[in-house]
Amino acid sequence: YLVADVFLGVQQGLTWTTNIFMLMDMMPENRALGSAISNGTGYFASSLASYGGALLSARDAFIGVWVCSVLGLALSLGVMEDTMPFVAREVQKGENDRSMKDAAHPALPASTPLY
């Protein structure tokens, strides 16, 4: 069980981090709100899943796990959209900011970070 818990923790950490970055890409003007929405909905969903898991553990837990897995896969493949257009817009904005910085400070090398 210990190895399964380690893998579950790694998976949750990667998934949650990806979700936060995705929302921050979608809301570049207000990244803090994107992070707050991600955390709020994540904790709310975790509490609902915990309650549902407690109900399922009383009976037929194995079938419930399969139903939830198939439903989650179907939602992620059919409903969720790729955030690549948001990333492309952010990259374009970064390139525009860099060119304005280079024009304002021609002595700085182009590899100087913007932050």
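That block above? That's the structure.
Here the structure is a predicted model, which means the values were calculated and not measured. (Residues numbered from 1 in each chain as written. Predicted model: local features only at pLDDT ≥ 70, side-chain atom pairs only at ≥ 80, totals over all residues. Heavy atoms only, no water.)

Caption draft 1: A look at the overall build of the chain. Across its full length, the chain carries four helices and zero strands. Taken from N to C terminus, the helices and strands of the chain fall in the order α-α-α-α. Expressed as a percentage of the 115 residues in the chain, the buried residues total 12%. Sequence separation of 24 or more characterises 33% of the internal contacts of the chain that already satisfy a separation of 6 or more. (Helix = DSSP H or I, 4+ residues; strand = E, 2+ residues; numbered from the N terminus. Buried < 20%, exposed > 50% of the residue type's maximum accessible area, 1.4 Å probe, protein only. Contact = heavy atoms within 4.5 Å.)

Caption draft 2: Spotlight on the environment of Ala-88. Inspection of the secondary structure puts Ala-88 in helix α4 (residues 84-104). Of the residues examined, Ala-88 reaches a relative accessible area of 47% and is grouped as partly exposed.

Caption draft 3: View of the side chain of Asp-25. Among the secondary structure elements, Asp-25 is positioned in helix α1 (residues 2-26). Lacking a salt bridge, the buried Asp-25 has Arg-31 as its closest oppositely charged neighbour, with an N-O distance of 4.8 Å. With residues up to four places along the chain from it excluded, the contact list for Asp-25 reads Phe-86, Val-87 and Arg-89. (Lys, Arg positive; Asp, Glu negative; His and termini not counted. Salt bridge = Lys/Arg side-chain N within 4 Å of Asp/Glu carboxyl O.)

Caption draft 4: Representation of the packing of aromatic side chains within the structure. Enumeration over the complete set of coordinates arrives at one aromatic pair. For the ring pair Trp-16 and Tyr-43, a centre distance of 5.1 Å and an interplane angle of 55° mean the geometry is tilted. On the criterion of sequence distance, the pair formed by Trp-16 in helix α1 and Tyr-43 in helix α2 (residues 31-58) is long-range, its members being 27 residues apart. Trp-16 gets classed as partly exposed once you look at its relative accessible area, which sits at 25%. (Phe/Tyr/Trp six-rings, centres within 6.5 Å; stacked < 30°, edge-to-face > 60°.)

Caption draft 5: Here's a closer look at α2. Across its 28 residues, α2 extends 41 Å between first and last C-alpha, which sits within 8% of the 40 Å expected from 1.5 Å per residue. By the burial criterion, the buried members of α2 are Gly-34, Ser-35, Ser-38 and Gly-42. Against the buried residues of α2 lie α1. (Expected span 1.5 Å × (residues − 1).)

Caption draft 6: Broad picture of α1. Between its first and last C-alpha, α1 extends 36 Å over 25 residues, near the 36 Å set by a 1.5 Å rise per residue. Three or more residues of α1 are buried, namely Ile-20, Met-22, Leu-23, Met-24 and Asp-25.

Caption draft 7: How the structure looks around the packing of α1 against α2. Where α1 contacts α2, the axes come no closer than 8 Å and their chain directions differ by 140°. Our classification of the angle between α1 and α2 gives oblique. For α1 against α2, the interelement crossing comes out right-handed. Every residue of α2 that contacts α1 at Trp-16, Asn-19, Ile-20, Leu-23 and Met-24 is listed here: Arg-31, Gly-34, Ser-35, Ile-37, Ser-38, Asn-39, Gly-42, Tyr-43 and Ser-46. When grouped by side-chain class, the residues that make up the contact of α1 with α2 number six nonpolar, seven polar and one charged. (Axes fitted to C-alpha atoms, helices over the stretch in contact; angles between N-to-C directions. Parallel < 35°, antiparallel > 145°, perpendicular 65-115°, else oblique. Left-handed = near helix turned anticlockwise from the far one by under 90°. Nonpolar A, V, L, I, M, F, W, Y, C, P; charged D, E, K, R; others polar.)

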